[in-house]
Amino acid sequence: QLQLVESGGGLVQTGGSLSVCCAASGRTFSGYTMAWLRQPPGKEREFVAAITWSGGSTTYADSVKGRFTISRDIAKNTVNLQMTSLKPEDTAVYYCATGRGTGFVGTPAWYGYWGQGTHVTVSP
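Just so we're clear, the structure is a prediction, and the values are computed from it rather than from any experiment.

1. Re the environment of T58
Next, step 1: Tracing the backbone shows T58 in strand β6 (residues 58-60).
Next, step 2: For the pair formed by T58 and W110, sequence separation is 52 residues and the distance between their alpha carbons is 16 Å.
Next, step 3: Those residues in contact with T58 that sit more than four places away from it in its chain are A50, I51 and I70.

See the structure below:
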């Protein structure tokens, strides 16, 4: 059974850095796209970044380009999101998600499997 477990959230000040990690298990992820999405308080879930498991190609939301970096460790079956220059508007529950197929990966509806989420709070 495919399982995604996030860790590493927490509280950080504006301008600080934080990493979140997703441990993936339950199948071979070749051909899958792994992603981070987030849901700010009172808002809709939104795409943050994605990476193809096999080739490592990345996609980022405009709001995080140049500040966030997504990576995967094939040996450990983990996907990491390194966040720098954090802003209060980055405050959200961050979800790890995965899926496979065609189409635009920058929408939550593309992903069929989700973790439980981890909270990231950026104080002013």
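Past the structure itself, the notes keep going.
2. Re the side chain of T91
Next, step 1: Examined against the element boundaries, T91 turns out to sit in the loop between β8 (78-83) and β9 (92-99).
Next, step 2: Judged by relative accessible area, which is 17%, T91 ranks as buried.
Next, step 3: At 2.9 Å, the side chain of T91 and the backbone oxygen of P88 are in polar contact.
Next, step 4: A polar contact of 2.9 Å, which involves the side chain of T91, links it to the backbone nitrogen of V122.

3. Some points on the pattern of salt bridges
Next, step 1: For the structure shown, the criterion picks out four salt bridges.
Next, step 2: Between R38 and E46 there is a salt bridge; the shortest N-O distance is 2.6 Å.
Next, step 3: Accessibility expressed as a relative area gives 3% for R38, which makes it buried.
Next, step 4: Looking at E46, the relative accessible area reads 29%, which means it is partly exposed.
Next, step 5: D62 is paired through a salt bridge with K65; the nearest N and O atoms lie 3.2 Å apart.
Next, step 6: Through salt bridges with shared partners, a single network forms among R38, E46, R67 and D90.

4. Description of the pairing of β9
Next, step 1: Taken across its eight residues, β9 has eight buried, putting it largely inside the fold.
Next, step 2: In this structure, strand β4 (residues 33-39) lies alongside β9, joined through seven bridges in antiparallel fashion. In the sheet register, Q39 faces β9, and the bridge partner there is V93.
Next, step 3: Where β9 and strand β10 (residues 113-114) come together, two bridges link them in antiparallel fashion. Each bridged residue has a counterpart across the sheet, and for T98 the counterpart in β10 is Y113.

Procedures and definitions
Residues numbered from 1 in each chain as written. Predicted model: local features only at pLDDT ≥ 70, side-chain atom pairs only at ≥ 80, totals over all residues. Heavy atoms only, no water. Helix = DSSP H or I, 4+ residues; strand = E, 2+ residues; numbered from the N terminus. Contact = heavy atoms within 4.5 Å. Buried < 20%, exposed > 50% of the residue type's maximum accessible area, 1.4 Å probe, protein only. Polar contact = N/O pair within 3.5 Å; in protein donor to acceptor, adjacent residues only side chain to side chain. Salt bridge = Lys/Arg side-chain N within 4 Å of Asp/Glu carboxyl O. Pairing = 2+ DSSP bridges.

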